[in-house]
Amino acid sequence: MKILRILAVSVAAFAIAGFSTAASADAAAGKAKFTAACAECHEVADFEGESAAALTDSLKKIVAGTQKHKQALKLTDAEVADLAAYMAAGK
Ligand code: HEC
């Protein structure tokens, strides 16, 4: 019985940790990605003032190929969230 309880607690803790990782964007990782993949054509300051939500929306459309972009972009959902957080801050 005790072992089941420990298992239940660790599953719950894991679920919470997993959820917060998925929900919180990492602007530092976004900066690294931007520098590597986007800085050739973009300056991050150009995106300052756009909301992270709007940027996320645009990036997802670009990745899906439904928004015109100079170059096809291949980004995971996590990379999109990280990039949007960094770009919205503009630095
Ligand atoms: C080869 C050059 C090039 C690269 C590399 C590039 N872009 Fe772009 N991007 C453009 C151009 C040019 C536009 C203007 C729209 C158009 O005509 O394609 C644009 C438009 C955009 C827009 C829409 C405009 C806006 O203000 O919302 C977003 C968002 C964007 N780029 C994000 C990115 C991100 C993020 C990366 C890196 C993962 C990236 N781009 C890489 C050239 C580039």
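For the structure itself, look to the data block above.
Residues numbered from 1 in each chain as written. Predicted model: local features only at pLDDT ≥ 70, side-chain atom pairs only at ≥ 80, totals over all residues. Heavy atoms only, no water.

Topologically, D82 is positioned in helix 4 (residues 77-89). K33 provides the closest opposite charge to the buried, unpaired D82, separated from it by 9.6 Å. Apart from residues no more than four positions distant in its own chain, D82 is found in contact with A25, D26, A27, A29 and G30. (Helix = DSSP H or I, 4+ residues; strand = E, 2+ residues; numbered from the N terminus. Buried < 20%, exposed > 50% of the residue type's maximum accessible area, 1.4 Å probe, protein only. Lys, Arg positive; Asp, Glu negative; His and termini not counted. Salt bridge = Lys/Arg side-chain N within 4 Å of Asp/Glu carboxyl O. Contact = heavy atoms within 4.5 Å.)

Helix 4 packs onto helix 2 (residues 27-37) with a crossing angle of 95° between their chain directions and a minimal axis gap of 7 Å. For the element pair helix 2 / helix 4, the angle class is roughly perpendicular. Note on element contacts: helix 4 touches helix 2 through E79, D82, L83, A85, Y86 and M87, opposite A27, A29, G30, K31, K33 and F34. Its residues assigned to classes, the contact of helix 2 with helix 4 shows seven nonpolar, one polar and four charged. (Axes fitted to C-alpha atoms, helices over the stretch in contact; angles between N-to-C directions. Parallel < 35°, antiparallel > 145°, perpendicular 65-115°, else oblique. Nonpolar A, V, L, I, M, F, W, Y, C, P; charged D, E, K, R; others polar.)

With that out of the way, let us pick up the coordination of the iron atom of the ligand. Protein coordination of the iron atom of the ligand is provided by H42 (NE2) and H69 (NE2), with donor distances spanning 1.9 to 2.0 Å. Each of the six donor atoms around the iron atom of the ligand contributes to a set of angles spanning 86 to 179°, which defines the coordination as octahedral. Residue H42 is found in the loop between helix 2 and helix 3 (52-64), and its partner H69 is found in the loop between helix 3 and helix 4; the two are separated by 27 residues along the sequence. Given the relative accessible area of 31%, H69 is considered partly exposed. (Donors = N, O, S within 2.8 Å, 3.2 Å for Na, K, Ca; no water. Tetrahedral: all angles 85-135°; square planar, octahedral: opposite > 155°, others 65-115°.)

Attention now moves to the environment of K31. Position of K31 relative to the elements: it lies in helix 2. The sequence separation of K31 and K91 amounts to 60 residues, and the corresponding C-alpha distance is 8.2 Å.

So, on to the site of the ligand. Around the ligand, the surrounding shell holds 15 residues, and the nearest of these are C38, C41, H42, E50 and H69. E50 places a side-chain nitrogen or oxygen 2.8 Å from an oxygen atom of the ligand. Within the shell around the ligand, the residues separate by chemical class into eight nonpolar, four polar and three charged. (Near = heavy atom within 4 Å. Polar contact = N/O pair within 3.5 Å; in protein donor to acceptor, adjacent residues only side chain to side chain.)

Moving on, we come to the packing of aromatic side chains. Considering all chains together, one arrives at two aromatic pairs under this definition. Relative to F47, the ring of F34 has its centre 6.2 Å away and its plane inclined at 85°; by these criteria the two rings are edge-to-face. One end of the pair, F34, is in helix 2; the other, F47, is in the loop between helix 2 and helix 3, with 13 residues separating them in the sequence. Judged by its relative accessible area of 13%, F47 is buried. (Phe/Tyr/Trp six-rings, centres within 6.5 Å; stacked < 30°, edge-to-face > 60°.)

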